[in-house]
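Structural features, examined
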There are 2 protein chains.
Amino acid sequence: MSSIIQAGFLQTHPEFGAVAANRTQAKFLWGERTADLLVLPELFNTGYQFRSLAEAQNLSEPIPDGPTTEFLIDWARASGMVIVAGLAEREGDTLYNSAVIVGPRGYIGKFRKAHIFDTEIQFFQPGNLPFTVFDAGFAKIGIMICFDWRFPETARTLALQGADVIAHPANLVLPDCPQAMITRCLENRVFAVTADRVGTEQRLPEESLKFIGQSQAVDPDGTVLVRASEDREEAQGVALDLDKARNKKINGHNDLFADRREDLYRIGGKG
Amino acid sequence: MSSIIQAGFLQTHPEFGAVAANRTQAKFLWGERTADLLVLPELFNTGYQFRSLAEAQNLSEPIPDGPTTEFLIDWARASGMVIVAGLAEREGDTLYNSAVIVGPRGYIGKFRKAHIFDTEIQFFQPGNLPFTVFDAGFAKIGIMICFDWRFPETARTLALQGADVIAHPANLVLPDCPQAMITRCLENRVFAVTADRVGTEQRLPEESLKFIGQSQAVDPDGTVLVRASEDREEAQGVALDLDKARNKKINGHNDLFADRREDLYRIGGKG
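Since this is a predicted model, take the numbers as computed values, not measurements.

Calculation notes
- Residues numbered from 1 in each chain as written.
- Chains lettered and ligands numbered in written order.
- Predicted model: local features only at pLDDT ≥ 70, side-chain atom pairs only at ≥ 80, totals over all residues.
- Heavy atoms only, no water.
- Helix = DSSP H or I, 4+ residues; strand = E, 2+ residues; numbered from the N terminus.
- Contact = heavy atoms within 4.5 Å.
- Pairing = 2+ DSSP bridges.
- Axes fitted to C-alpha atoms, helices over the stretch in contact; angles between N-to-C directions.
- Expected span 1.5 Å × (residues − 1).
- Parallel < 35°, antiparallel > 145°, perpendicular 65-115°, else oblique.
- Left-handed = near helix turned anticlockwise from the far one by under 90°.
- Nonpolar A, V, L, I, M, F, W, Y, C, P; charged D, E, K, R; others polar.
- Buried < 20%, exposed > 50% of the residue type's maximum accessible area, 1.4 Å probe, protein only.
- Salt bridge = Lys/Arg side-chain N within 4 Å of Asp/Glu carboxyl O.
- Least-squares fit on C-alpha atoms with pLDDT ≥ 70 in both.
- pLDDT = per-residue confidence, 0-100.
- Polar contact = N/O pair within 3.5 Å; in protein donor to acceptor, adjacent residues only side chain to side chain.

1. Some details on the environment of Phe71(A)
Residues and elements named next belong to chain A. Summarising the element assignment, Phe 71 is placed in helix H3 (residues 67–79). For the pair formed by Phe 71 and Arg 23, sequence separation is 48 residues and the distance between their alpha carbons is 7.8 Å. Look past the residues within four positions of Phe 71 in its chain and what remains in contact with it is Arg 23, Thr 24 and Lys 27.

Shown next as structure tokens:
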């Protein structure tokens, strides 16, 4: 079996609260392209800047039994793609900043953002699910969401569990992540596909948020295969040779996983 | 007490095997500058590309009871600086790619490179000392050597132990490290001072090594405070406000250490 897959991302500009329209626009933006794996931004259907907990609750959905997950499953069935997309999850009265992974055969799983950024804590609880690698058949896919990038243990945990590709829905407002994801790929020899959004939200008088775009795919050598603009909606696709991520050797003597010195690390994570 | 210190690095071009001359040239290059902390490259006194184990043994020294450590202690005493420098260490018949830290009051400690790069394994054993933060009074200083950068657990372990500054002697031949050190600083909110060398060594017919220079100091926000050239000997100094490294908050809600999700990390390091 070939180890080469086609991955894509959507860089969207959602209209806050226009959930059905944002779903439709995402699908329209992708059009008739084909891919094995498609990654959409964090909170792709709602937008980012909630004004109140009530508003966040109102725009959140159960996963998998909500309309956005159903929409994504229908899209995956019709297109044959595996889709990873960020949306606000409601479980009882508790909200999570989550991502769902679905495929042609339906629901695969979900992840809840583990490291909540700034004022999001007013709406979302920190994720309570383990970092999980989902087997999509053609690839093992790890998921992390936006600010999870800042903590090296996130990508490390996914890579050590065998992730070939890290699907990374994001709503980036700080400038550092696109460059730092190169380090994440270099240190783990994994692919990463970051799907970010563009545009500005100012739904609160004291806070204007400009999203930086620059969605990208990076390979295990730290090469940026494709990087999107800072300000336009875009759909991009790129071929990934997964064998590169399955070989942790970087020369005749070094294997980035075999060379780890767990005997010396004091980082508090469980083995 | 002010939290602002002066840190410096030397970017050298050693002549292979000319140990005494390389020591003298390093001191000459620094001249009468002043600093609290000065970082020198990896293997600053010997050069990098050993032809044989016998040659490496011959150029290695005990630490602290060797002439290069003695030279550095004399220099530290005369100048009032704390100096971190890389040199080949011999303990019995075993060699380590080590760094020593000395100050005005003499020997402080040493570190042995934990992650050995490529053909170095023909000469050096992987380090068997814990990642250690040395208290220099004015700052807590962690040490890592060159390729240790590639493993996020290295800087993480040092930062979690309270390092304000990571002193990073290096002999870089691959292009990735200067940019990746920005991520190391961002994810840990520490300062890092990388002292690299320049020049080319081809002492083996099959291998020409070009060192990339670009020694640098990076702050906890990921700002490159100073970066040296790719090809010239340089001495640089920069002020570091250590309070920036002692505050892990990045906004009103996030503290990069308090927000760590040790309950979710599966990275095999001991707590």
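Back to the text.
2. Notes on the sheet that holds strand E1 (residues 4–11) of chain A
Residues and elements named next belong to chain A. Strands sit in the order E5-E4-E3-E2-E1-E14 across an open sheet of six strands; the sheet is mixed. On the outer flanks of this sheet lie strand E5 (106–112) and strand E14 (234–241), each paired with one strand and no other. Between one strand axis and the next, the sheet turns through 30° on average, direction left out of account. Bridging between E1 and strand E2 (residues 37–39) involves three bridges; their strand directions are parallel.

3. Structural notes on helix H1 (residues 19–30) of chain B
All names here are of chain B. A rise of 1.5 Å per residue sets the reference length of H1, with its 12 residues, at 16 Å; its end C-alpha atoms lie 17 Å apart and thus fit the reference within 8%. Contacts from the buried residues of H1 go to strand E1 (4–11), strand E2 (37–39), helix H2 (53–59), helix H3 (67–79) and strand E14 (234–241). Once H1 finishes, Gly 31 follows within two positions and takes phi at roughly 65°, a positive value.

4. Here we look at the packing of helix H1 (residues 19–30) of chain A against H3(A)
All names here are of chain A. In the contact formed by H1 and H3, the axes pass within 11 Å of each other and the chain directions differ by 20°. Here H1 is positioned roughly parallel relative to H3, judged by the angle of their axes. The element H1 and its partner H3 pack so that their crossing is right-handed. Residue-level contacts link Val 19, Arg 23, Thr 24, Ala 26, Lys 27 and Trp 30 of H1 to Pro 67, Thr 68, Phe 71 and Trp 75 of H3. A per-class count over the contact of H1 with H3 returns six nonpolar, two polar and two charged.

5. A short note on unusual backbone geometry
All names here are of chain A. In the segment running from Ile 63 into Pro 64, the intervening peptide bond is cis, with an omega of 10°. With respect to the helices, strands and loops of the structure, Pro 64 is situated in the loop between helix H2 (53–59) and H3. We note that Arg 189 has phi near 50°; this positive angle belongs to a residue other than glycine. Along the polypeptide, Arg 189 turns up in the loop between helix H5 (177–188) and strand E9 (191–195). Residue classification places Arg 189 among the buried residues on the basis of a relative accessible area of 7%. Even without being glycine, Gln 214 reaches a positive phi, approximately 60°. Structurally, Gln 214 is set in the loop between strand E11 (207–212) and strand E12 (216–218). For Gln 214, a relative accessible area of 16% translates into the label buried.

6. Examining the pattern of salt bridges
When their charged atoms lie close together, side chains carrying opposite charge are able to pair. Applying the stated criterion across every chain, the model contains 40 salt bridges over all chains. In this structure, the salt-bridge partner of Glu187(A) is Arg184(A), at a minimum N-O distance of 2.8 Å. Of this pair, Glu187(A) and Arg184(A) both sit in helix H5, separated by three residues, roughly a single helical turn. On the basis of relative accessibility, which here comes to 1%, the residue Glu187(A) falls in the buried class. Put simply, Arg232(B) and Asp231(B) hold a salt bridge, and the shortest N to O gap is 3.7 Å. One network of salt bridges, with partners in common, ties together Glu89(A), Glu91(A), Lys110(A) and Arg112(A).

7. Thoughts on the relation of the copies chain A and chain B
Rotating chain A by 180° and translating it 0.0 Å along the rotation axis places it on chain B, where the RMSD comes to 0.0 Å. As the rotation angle and translation indicate, the two copies are arranged about a two-fold axis. Comparing contact sets, 100% of the residues at the interface of chain A also lie at the interface in chain B, consistent with an isologous, same-surface contact.

8. Focus: the confidence of the model for chain A
This prediction gives chain A a mean pLDDT of 97; 99% of its residues lie at or above 70. Interface confidence for the predicted complex, given as ipTM, is 0.97, next to a pTM of 0.98.

9. A look at the interface of chain A and chain B
Facing the 48 residues of chain A at the interface are 49 residues of chain B. Viewed at the interface, chain B and chain A are joined by six salt bridges. Among the salt bridges present, the one from Glu153(A) reaches Arg260(B), with a minimum N-O distance of 2.7 Å. On inspection of chain A and its partner chain B, the count reaches 25 residue pairs in polar contact (both at pLDDT 80 or more). Elements with a contribution of two residues or more to the side of chain A that touches chain B: helix H4 (152–160) and H5 of chain A. Considered class by class, the residues forming the side of chain A that touches chain B number 20 nonpolar, 15 polar and 13 charged.

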